[in-house]
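Remarks on the overall topology
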Amino acid sequence: MGRKRSKRQQKAGLPPGSAVYVGQPREGGMQIRAFAYDAKGVVEHEHPEPADVRALVAPNRVVWLDADGVHDAELVSELCELFGVHSLALEDILNTATRPKLDLFEGDIVLVAADMVRVCDDDIVSEHVSIVLGPGFVLSFQEGRSGDLFDPLRSRIRAGNGRVRAMGPDYLAHALLDAIVDGYFGVVERMEEGIDRAEAEAIDERTTEFPKRIYGLKSELTNLRQSVVPLREVLARLLKGESRLIGRGVHPYLRDLSDHVMQVLDMVDSGRERLNGVLELHLAVQSHRMNDVMRVLTVVSTVFIPMSWLAGVYGMNFDDMPELHLRFGYFGAMGVMVGMAGGMLAWFRYRKWL
Amino acid sequence: MGRKRSKRQQKAGLPPGSAVYVGQPREGGMQIRAFAYDAKGVVEHEHPEPADVRALVAPNRVVWLDADGVHDAELVSELCELFGVHSLALEDILNTATRPKLDLFEGDIVLVAADMVRVCDDDIVSEHVSIVLGPGFVLSFQEGRSGDLFDPLRSRIRAGNGRVRAMGPDYLAHALLDAIVDGYFGVVERMEEGIDRAEAEAIDERTTEFPKRIYGLKSELTNLRQSVVPLREVLARLLKGESRLIGRGVHPYLRDLSDHVMQVLDMVDSGRERLNGVLELHLAVQSHRMNDVMRVLTVVSTVFIPMSWLAGVYGMNFDDMPELHLRFGYFGAMGVMVGMAGGMLAWFRYRKWL
Amino acid sequence: MGRKRSKRQQKAGLPPGSAVYVGQPREGGMQIRAFAYDAKGVVEHEHPEPADVRALVAPNRVVWLDADGVHDAELVSELCELFGVHSLALEDILNTATRPKLDLFEGDIVLVAADMVRVCDDDIVSEHVSIVLGPGFVLSFQEGRSGDLFDPLRSRIRAGNGRVRAMGPDYLAHALLDAIVDGYFGVVERMEEGIDRAEAEAIDERTTEFPKRIYGLKSELTNLRQSVVPLREVLARLLKGESRLIGRGVHPYLRDLSDHVMQVLDMVDSGRERLNGVLELHLAVQSHRMNDVMRVLTVVSTVFIPMSWLAGVYGMNFDDMPELHLRFGYFGAMGVMVGMAGGMLAWFRYRKWL
Amino acid sequence: MGRKRSKRQQKAGLPPGSAVYVGQPREGGMQIRAFAYDAKGVVEHEHPEPADVRALVAPNRVVWLDADGVHDAELVSELCELFGVHSLALEDILNTATRPKLDLFEGDIVLVAADMVRVCDDDIVSEHVSIVLGPGFVLSFQEGRSGDLFDPLRSRIRAGNGRVRAMGPDYLAHALLDAIVDGYFGVVERMEEGIDRAEAEAIDERTTEFPKRIYGLKSELTNLRQSVVPLREVLARLLKGESRLIGRGVHPYLRDLSDHVMQVLDMVDSGRERLNGVLELHLAVQSHRMNDVMRVLTVVSTVFIPMSWLAGVYGMNFDDMPELHLRFGYFGAMGVMVGMAGGMLAWFRYRKWL
Amino acid sequence: MGRKRSKRQQKAGLPPGSAVYVGQPREGGMQIRAFAYDAKGVVEHEHPEPADVRALVAPNRVVWLDADGVHDAELVSELCELFGVHSLALEDILNTATRPKLDLFEGDIVLVAADMVRVCDDDIVSEHVSIVLGPGFVLSFQEGRSGDLFDPLRSRIRAGNGRVRAMGPDYLAHALLDAIVDGYFGVVERMEEGIDRAEAEAIDERTTEFPKRIYGLKSELTNLRQSVVPLREVLARLLKGESRLIGRGVHPYLRDLSDHVMQVLDMVDSGRERLNGVLELHLAVQSHRMNDVMRVLTVVSTVFIPMSWLAGVYGMNFDDMPELHLRFGYFGAMGVMVGMAGGMLAWFRYRKWL
């Protein structure tokens, strides 16, 4: 998971609301697609003119402007101006380091910023998504580096199955958030598999790679948590009815979504707790092993060191060492050594070291 | 305790409210049983037709549809439709990974999802239970892998003892939750026995199995906690009167149940704290033991290593080593060695290492 | 402190409100005593008939039924029925594992469950106490294994000193709780003495008994905390005026009691913090000591091992070892050894290991 | 900082509100001084009769009874009775173990209990202070072991500078608390100096005194925190307007005082955090050092032990050891030894142990 | 980051509201600059007379008195008096150790105290800033040791770009806070770079410098956190509408600022968590390494020590040692040694130490 570094610093000194793109430089233009649908039909435009999209807005029809990439600050500014989006909201859309949040502006405009985190080619990718909900329209902006989670939703709109075509822009905004939250499940399940693996190996693994892996998994969970926690608050505020654009009919769906967010958080928190437990277990096992190693060293050393000393003594070359000339001196010395060793071993057994 | 893995991932991209079974694949059909009772009598149907059950609903009578297994998504959908259950509730019933929660829907329908955790053949088994409370009826769905905790309640209904026959569907829903919470006590008491055992062995146990066991017990407590904590909130919301179906007469029983849930949580929390304390104690004792081992090694090594060196010196073969030819050279050397050892031991005693 | 094990398990499957004694089996009957008093006089009955006690209740008079032991479920049921106590309250009285709590029932009946923890023969004893406050009467039930804390209160009632005779049953209930909380101070002060002792010995103590003692003290504090924390909530709810039986005149006394409970909690919490600090200190000192031991071992070993090797070299029996025949070979070899030792020691000094 | 031990135990069994002195026994009588002042003038009495003080109370005049020592329970009782102070307040004044708190009684009497903690002769001294605010008067009682923090305030009253003479008894009560809180700054700044010192020495200090010092500082901070935390609540309740005696004009001063209390708490909390960090740092450095020591021991041992063995082999006295008689046997053996040592060292270098 | 030491102690005993400078002594006078602007134009005065500044205040015009340095207590007092600032606010302005906070005074005066923390010449510098918002004017006081963060704002006022000239003093106060919060981003991003570096080196770094660096980074984060946390509360209170001077038009900007503060806090908190993880990782790796070292020592020692003993035995000089005269005694002894070594190694392999 590439940690997203805020480079707000580059904006230091600019007045608030400045339309400056903050994020990784990207090549190519933005991909814009517009949907206009009601229960009866759907119209889809690839790369439409901004003004044409604005003109599509009509009562009982939902317009979804689906933008991929926010690095063309001018184009985004133009779109925001057309749809009456406040300059502070524009700033948040362009700043890919914005924290997930909900903002309400005049004209009933609602801005939801979120992080789209998903597994992509065995890697965890996070990108910034802004959803603007206004009367009759939804604008969605994503950093859009490589594919996205909204494709099933687009298909549902085109095919007209599911509830989305029958309902308003509030349901569409919900559906976008729902797709994002669905992505979290994929990420968190992949992390859980990693934790399962780490758990299974905590006892036998001995390389320094192991704590590193634990640390990596913990960092990923922390990052995901930071994306998910503010979303819980966003949904709570929407459910409190802060925006007039959210109809009562969408509330059960938002509550359901809120439950999913809670479930992701539960999974993240229990994952963190498990990781702490796994590391604790790993270190406790390490300490046991160290103890075992030390015990063997101590037993062998303390048994043989005195014996070696005695052998050394009788290897001395003094002229006058009476024991050397005794009849059974050698066997006596060996007997003393065996006795010392046996005494030591008995004492170790008594101390329960053997 | 088989950790329940959410496999929501298989649903990614589907619209919310999709009726898809999420859980472990099971063979065989669902077991359905219906009770209809009032204070005077009780009728019980095995494997009834869904429509027949619906027809049983009448004023002053309680209908309990008691389903074992939720893997037949079609049958569950049909039942839910007959009883006017919202499609989001249906989705939660079919998803065995749903977090315990309370949901209110139109038509006064209340959905309570909970985890039935119990000791079964010396193993801890967790399965998902959904309780739907509506006007005049209760639907209960369990994953139902092997027996369940509701049998005493069924007997009470059949026999007409206890309060259950005299009261409404709200009391029945309470009684189902009460049976589930009773199961928690069995689980938590079994865990406490495990902790008692671990506590008794924390000092003497030295294998790496010990931290593993502590870790296992901790994981079980964490899992149980995740099932119990949301239930506390569910009961608090029921007691706040969020649902019109819960009569004032049931409130003392719900309060009592809430106290039991608090007691389980207390026991879980104190169990976790004790486990932390036990591991801490175990590691502190390990560290003491390591110190002891090191001390013995150090004392023996530092006493004998200089003595061995001296023996080595007088074992050298130089032509001219005057001491070798002294009258009491050998005894002098032995005396020096004993002096060195004595000095070392005195110093160790002074340092309080002996 | 004998940990109290809930054996609710034996009740699994019974309907809520069942009158079953849950606790340690006891021999002999219950001890019942009844007081009826007003400002002018007091009547005391030993082992009265339940119905006679009920008949004593009258306006402007306080009846206190003071029961020692709750193992006679039938007798307790009869008493509760006479005084109009709800079956759920009866269940809590009989269940000695009930968590401290406050319950309000119809007929203005208030149930307060608490744990009476006290020092008894140098041991900490905990028993369950239930206090039922009704219009004009107070029932108190204790497990009553060996003496109790209510004796000074009984004397005050008999002698008519203090405020108790002049006030109503609410003050009596307060006085019972006050006696229980007074007992906590004794327990917590005894624990503090234990912590003081442990603090003083944290540096010098080296046996594995020490962490065990810390663990024991911590467990005792945790157990006491679990008895005291719910009591704080009980008092807060009484002070919020949840019960009509608690007159305004008793509020200052309840507030005072609440302050005492807070003070006990403060003492418990600071005790826990101190214990953590003591263990931390103990382990840090252990680690220092280990370092010292290792340093000595390392210094002695690294000084003598190379010297021993050199001695070994010149003890080899090769035919042709020119140094052996040098004029001052022996002294040269000794000089080299001393030089090696000196160099090593200088390096150790440079590394600040000496 | 002499830890204050509650000896409430000695009061066990007494009814609440008993006028018994709880604290360290003291010799000599109490020191009483009375001030009566308004904007125009001030009268001061040393050792006045209690009744005379009471008679000083008049509209638009502030009477401050400033008592040093509370060990004369009778005198304090008499004073409290004269000023209409509730017996529960009296009990708290006499009990030097009372937790800091605010209590409101009938007759608009306010009791504030606090701990006066200050640096005194390089030692931290804590004593109990009670401030009773009533209509037109303030009573202050301190344990008063050695000097106090109120002297500057007395001077200001006598000299008539500052705001105190122009304002009412509520301002006087504030000024007393302000003096107490000012004392906390001195204490906490002294502790910070101790932490600064410990921080500077955490790397190089190796004696077991170091963790002991950390533990001592931590205990002092914990003790101070226990005195300050309840005071925050006391001020919050005064600012909520719970007492009618606190005029609006004093609110800015109380808010200011509350900010100071918050600042002390911030300092205490950051001190605790720093101490934890210092100990962590110290232990991490210890562990590094241990590693270094072990590495040296291992390198020296593993290099020389095989060499010594080889020397020992060629020191054996077998009749037939062909190598001994080789032409360059000795030099060959030395070469093998050097090779073994070189190989070992190369391997250590490869493992990055050197 | 030079830790700011409160030296409130020097004020102990003074009445609240005393105008005394508390901070590091500074040379030279204060730098004062005044701006008076409206949408049409701007007037700027360097070193104006205080009274002249006061005279600039007029309806529909914003006066900003921008003071650099607060060490001239007399001048600050004079300014505050002219603008009707309460003496308690004056005290907070002069005390550079004041905690960040919001204070409301009569006359709609708002005092915001904050810490301006920024990177300056590769060092982190913190200075105290006070912002006084009154009707038609803003006073800002900074310790002003070396340059500041307000320059871009001054330029925007002079040039008339951005929104600042078109709006009132409330927007100006917001813009000052915005500049301060922008500075936090620079600091926190610099810290994150330090953490990134530490993370990359946690495995390979072995000097005692490493934990010291971690400790240093942690202290910096703690210090920054203490500056930022109270600011969150300040903004929350402004948004709750506590001051009448804050117009509705400024609310979106304050909300935006509040989001930025939350983002800084998120970054600080995740930085702390990462640092804990990095230290944990570092220590776990250390422990692994220690284990490795011990294992090598143990293997080499236990393999060679018995072999050395055997060599010592056959180096003894007893007269009668039959093995010495055997035909293949030497090779037999060598064989026994190799066998012992092989057996040890096999056992180590079996224990998985090799």
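Thoughts on the overall build of chain A
Within chain A, the secondary structure is distributed over eight helices and seven strands. A compact globule built from 354 residues should have a C-alpha radius of gyration of about 20 Å, whereas chain A, at 34 Å, is more than 25% larger. Overall size of chain A, expressed as C-alpha extent along the three principal axes, is 120 × 45 × 30 Å. Within chain A, counting contacts between residues at least 6 apart in sequence, those at least 24 apart form 69% of the total.

Quick notes on the relation of the copies chain A and chain B
The two copies are related by a screw operation: chain A maps onto chain B through 72° of rotation and 0.0 Å of translation along the axis, at an RMSD of 0.0 Å. Within this description, the copies of the chain are treated as partners about a five-fold rotation axis. Relative to the rotation axis, the closest C-alpha in chain A is found at A:Gly315, a distance of 4.7 Å. When the interface residues of chain A are mapped onto chain B, a mere 14% of them are again interface residues, pointing to distinct binding faces.

Looking at the packing of helix α7 (residues 251–313) of chain B against helix α6 (residues 209–239) of chain C
In the contact formed by α7(B) and α6(C), the axes pass within 10 Å of each other and the chain directions differ by 170°. The pairing of α7(B) with α6(C) is recorded here as roughly antiparallel in orientation. Across the interface between the two elements, B:Asp266, B:Ser270, B:Glu273, B:Arg274, B:Gly277, B:Leu281, B:Ala284 and B:Val285 of α7(B) pack against C:Pro211, C:Lys212, C:Tyr215, C:Lys218, C:Ser219, C:Thr222 and C:Gln226 of α6(C).

Considering the sheet that holds strand β7 (residues 137–142) of chain B
Residues and elements named next belong to chain B. Sheet architecture is open: seven strands sit in the order β2-β1-β3-β7-β6-β5-β4, paired in mixed fashion. The outermost strands of the open sheet, each flanked by one partner alone, are β2 (42–46) and β4 (101–104). With strand direction ignored, the average angle separating the axes of adjacent strands in the sheet is 20°. As paired elements, β4 and strand β5 (residues 110–120) share four bridges and run antiparallel to each other. Pairing of Leu102 across the sheet is with Val112, part of β5.

Some thoughts on the sheet that holds strand β1 (residues 31–37) of chain A
Residue and element names in this part refer to chain A. Pairing in this open sheet of seven strands is mixed, and the strands run β2-β1-β3-β7-β6-β5-β4 from one edge to the other. The sheet is open, and its two borders are formed by β2 (42–46) and β4 (101–104), each paired with just one other strand. Put simply, the sheet's adjacent strands are angled 20° from each other on average, direction ignored.

As for unusual backbone geometry
The phi dihedral of A:Asn60 falls on the positive side, at around 60°, and the residue is not glycine. Positionally, A:Asn60 belongs in the loop between α1 (50–56) and β3 (62–68).

Here we look at the interface of chain A and chain B
Contacts between the two partners involve 51 residues from chain A and, on the opposite side, 47 residues from chain B. Contributions of two or more residues to the side of chain A that touches chain B are made by α4 (151–159), α5 (169–201) and α7 (251–313) of chain A. Considering each element in turn, the side of chain A that touches chain B owes the most residues, 31 residues, to α7(A). For the side of chain A that touches chain B, the class distribution of residues is 21 nonpolar, 15 polar and 15 charged.

Re helix α2 (residues 73–82) of chain B
All names here are of chain B. Among the residues making up α2, those that are buried are Val76, Leu79 and Cys80. When α2 is viewed along its axis, its buried side chains cluster within an angular range of 95° and face the same direction. For α2, the secondary structure elements touched by its buried residues are α1 (50–56), β3 (62–68), α3 (87–94) and β7. Positive backbone phi, approximately 70°, marks Gly84, located one or two places after α2.

Structural notes on the domain arrangement of chain A
When the parts of a complex come together, some accessible area is lost, and that lost area is often taken as the interface size. By domain assignment, chain A separates into domain 1 (8–284) and domain 2 (293–350). Relative placement of domain 1 of chain A and domain 2 of chain A: their C-alpha centres are 76 Å apart.

Re the confidence of the model for chain A
All names here are of chain A. The pLDDT averaged across chain A works out to 87; a share of 95% of its residues lies at or above 70. When mean pLDDT is taken per element in chain A, strand β7 (residues 137–142) scores highest with 93 and α1 scores lowest with 88. Counting interchain partners and residues more than four positions distant, the pLDDT-below-50 stretch residues 1–6 has eleven contacts. On the interface metric, ipTM, the complex scores 0.81, and its pTM is 0.85.

A short note on the pairing of strand β6 (residues 123–134) of chain D
Residue and element names in this part refer to chain D. Most of β6 is tucked away, with nine of its twelve residues classed as buried. As consecutive antiparallel partners, strand β5 (residues 110–120) and β6 are separated by two residues, and within that stretch Asp121 has a phi angle of approximately 55°, a positive value. Examined bridge by bridge, β6 and strand β7 (residues 137–142) share six bridges and lie antiparallel to one another. If you follow Val129 over to β7, its bridge partner there is Gln142. Joining the antiparallel neighbours β6 and β7 is a turn of two residues, in which Gly136 adopts a positive phi near 85°.

Notes on the environment of C:Arg99
Relative to the assigned elements, C:Arg99 resides in the loop between α3 (87–94) and β4 (101–104). When residues no more than four places from it in sequence are discounted, the contact partners of C:Arg99 are B:Asp259, B:Met262, B:Gln263, B:Asp266 and C:Pro230.

A look at the packing of helix α2 (residues 73–82) of chain C against α3(C)
Residue and element names in this part refer to chain C. At their nearest, the axes of α2 and α3 sit 10 Å apart, and the two run at 145° to each other. By crossing handedness, the relation of α2 to α3 is classed as right-handed. Seen from α2, the contacting residues are Ala73, Val76, Ser77 and Cys80; seen from α3, they are Ala89, Leu90, Ile93 and Leu94. When its residues are assigned to classes, the contact of α2 with α3 shows seven nonpolar, one polar and no charged.

Considering the pairing of β7(B)
Residue and element names in this part refer to chain B. With six of its six residues buried, β7 lies for the most part within the structure. Both faces of β7 are covered, namely the face carrying Phe137, Leu139 and Phe141 and the face carrying Val138, Ser140 and Gln142. The pairing of β3 with β7 spans six bridges and is classified as parallel. Across the sheet, residue Asp66 finds its bridge partner in β7, namely Ser140.

Conventions adopted
Residues numbered from 1 in each chain as written. Chains lettered and ligands numbered in written order. Predicted model: local features only at pLDDT ≥ 70, side-chain atom pairs only at ≥ 80, totals over all residues. Helix = DSSP H or I, 4+ residues; strand = E, 2+ residues; numbered from the N terminus. Rg over C-alpha atoms; globule rule 2.2 N^0.38 Å. Contact = placed C-beta atoms within 7 Å. Least-squares fit on C-alpha atoms with pLDDT ≥ 70 in both. Axes fitted to C-alpha atoms, helices over the stretch in contact; angles between N-to-C directions. Parallel < 35°, antiparallel > 145°, perpendicular 65-115°, else oblique. Pairing = 2+ DSSP bridges. Nonpolar A, V, L, I, M, F, W, Y, C, P; charged D, E, K, R; others polar. Buried ≥ 20, exposed ≤ 12 C-beta atoms within 10 Å, placed from the backbone. Arc of directions from axis to C-beta. Domains from an automatic or database assignment. pLDDT = per-residue confidence, 0-100. Left-handed = near helix turned anticlockwise from the far one by under 90°.

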